[in-house]
Every structure is written in structure tokens, then in C-alpha cells.
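# Architecture and fold: a report
The chain contents come next:
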Amino acid sequence: MELFRQSIATPLGEMCSLADERGIILCDFIDSPHFEREMNGIGRWLPDRHIVDRPHRWLQQLTTELEAYFAGTRQTFTVPLHPVGTPFQLAVWELLLRIPYGDTLSYADEARQLGRPTATRAVAGANGRNRLPILIPCHRVVGSDGSLTGYSSGVDRKSALLQLERHFRQ
């Protein structure tokens, strides 16, 4: 089976995206310190797949939606997502999808909403393993004091994404 790959230029840097027939599996900044780890992780989760550099409808839709997001004309994504991870990671990422555009939530609050109030570190770890940043908005999670702690693609990008969303929030 094939995984379709495409590069996407954004105002914050080049992203690599992967999709299969179910949806987008990965969309991450190629200069992220964790990019290689996440690409290798895809191979562990989907070992029977090989990557091809060919257009795919989900990748085309993703490109259009990311352009609109960065232009401030899109606040939600409708392209199908196919995140791969543990059941705990999937639960964390599902919660991230419910954080409204331009809002933030603390890691501790995220853990409490998951019914795991002592699992703040585990929640932060799952956020850090998110292979779909922006689409699954882990950039909207901050420290309990509101500080911009941690982001797999760098705190500067996290800050830029939050500023963009606050600027265009309706």
C-alpha cells in the first residue's frame, strides 16, 4: 500500500505531508528536531506502506486549507485525518481538536479533562508526539502560568501560530 507525500510551503517553513486513502497521517515542519523520529514512527505504525511522491486528493485539500489558515480565512480543517498512535495518544489528540481557534488550555487542564489529573507529563509527551501539528492544534496548549512551554517545532513557531489565531479570531 502507498503513502502519498507532498511538500507544502508555509510562512513558517516547509512542511512534509503524508496521506493514505483514509486521510492525512503526517504534516510536520521538515526542520523540526523531531521530524526524523516521527517519520520513522510512521514506518513502525504502518510497516506495510511505501512512500511515493505523487499527488493525492487529501494532500491537495490540505494545501488549500493550510493556505487559507495562514491567510486568516480558515479556522477549522475539514481534510480527513488519520493519526496513528497509542490509544492514550489518540485520546489526547482528540481533546486537542476541541480547543477553540485562538484559545489555549494548560497541560494540567488537558490532563484533568481526560480524567487523568496526575498525568500532566504523559499528556505533554503525547502532545509532543503529535504528527499533525496545526491540524491537531497542540500549539494551543500552554503551561499552567500561561507560558509557552514546549512545541515539537519550536516555541517561536508556537508563538507565531497563537498570534496568528488571536489576530484573526472572529
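Located above this text is the structure these notes cover.
Residues numbered from 1 in each chain as written. Predicted model: local features only at pLDDT ≥ 70, side-chain atom pairs only at ≥ 80, totals over all residues. Heavy atoms only, no water.

What follows covers the pattern of salt bridges. When the charged atoms of two side chains with opposite charge come close together, those side chains can pair. Under the criterion given, the structure shown has twelve salt bridges. Here R129 and E38 are joined by a salt bridge, their closest N and O atoms 3.8 Å apart. You can see R129 sitting in the loop between helix 5 (120-128) and strand 6 (141-142) and its partner E38 sitting in helix 1 (residues 35-45), a full 91 residues away along the chain. Taking the relative accessible area as the measure of exposure, R129 reaches 30% and is therefore partly exposed. Judged by its relative accessible area of 1%, E38 is buried. The network of salt bridges with common partners includes R37, E38, R129 and R131. (Salt bridge = Lys/Arg side-chain N within 4 Å of Asp/Glu carboxyl O. Helix = DSSP H or I, 4+ residues; strand = E, 2+ residues; numbered from the N terminus. Buried < 20%, exposed > 50% of the residue type's maximum accessible area, 1.4 Å probe, protein only.)

This paragraph deals with the nonpolar core. Counting residues in each nonpolar core, the largest one holds 35 residues, and the members touching the most others are I24, C27, L62, L66, Y69, I134 and L135. For this core, the secondary-structure elements that each account for two or more residues are strand 1 (2-10), strand 2 (13-19), strand 3 (24-29), helix 2 (57-71), helix 3 (87-96), helix 4 (107-113), helix 5 and helix 6 (155-168). Top element by residues in this core is helix 2. It accounts for six residues. With near-sequence residues (within four places) excluded, C27 lies in contact with M15, C16, S17, L62, L66, R131, L132, P133 and L135. Of all hydrophobic cores here, the second largest spans ten residues; its members include L3, I25, M39 and I42. (Core = buried A, V, L, I, M, F, W, Y, C linked by side-chain atoms within 4.5 Å. Contact = heavy atoms within 4.5 Å.)

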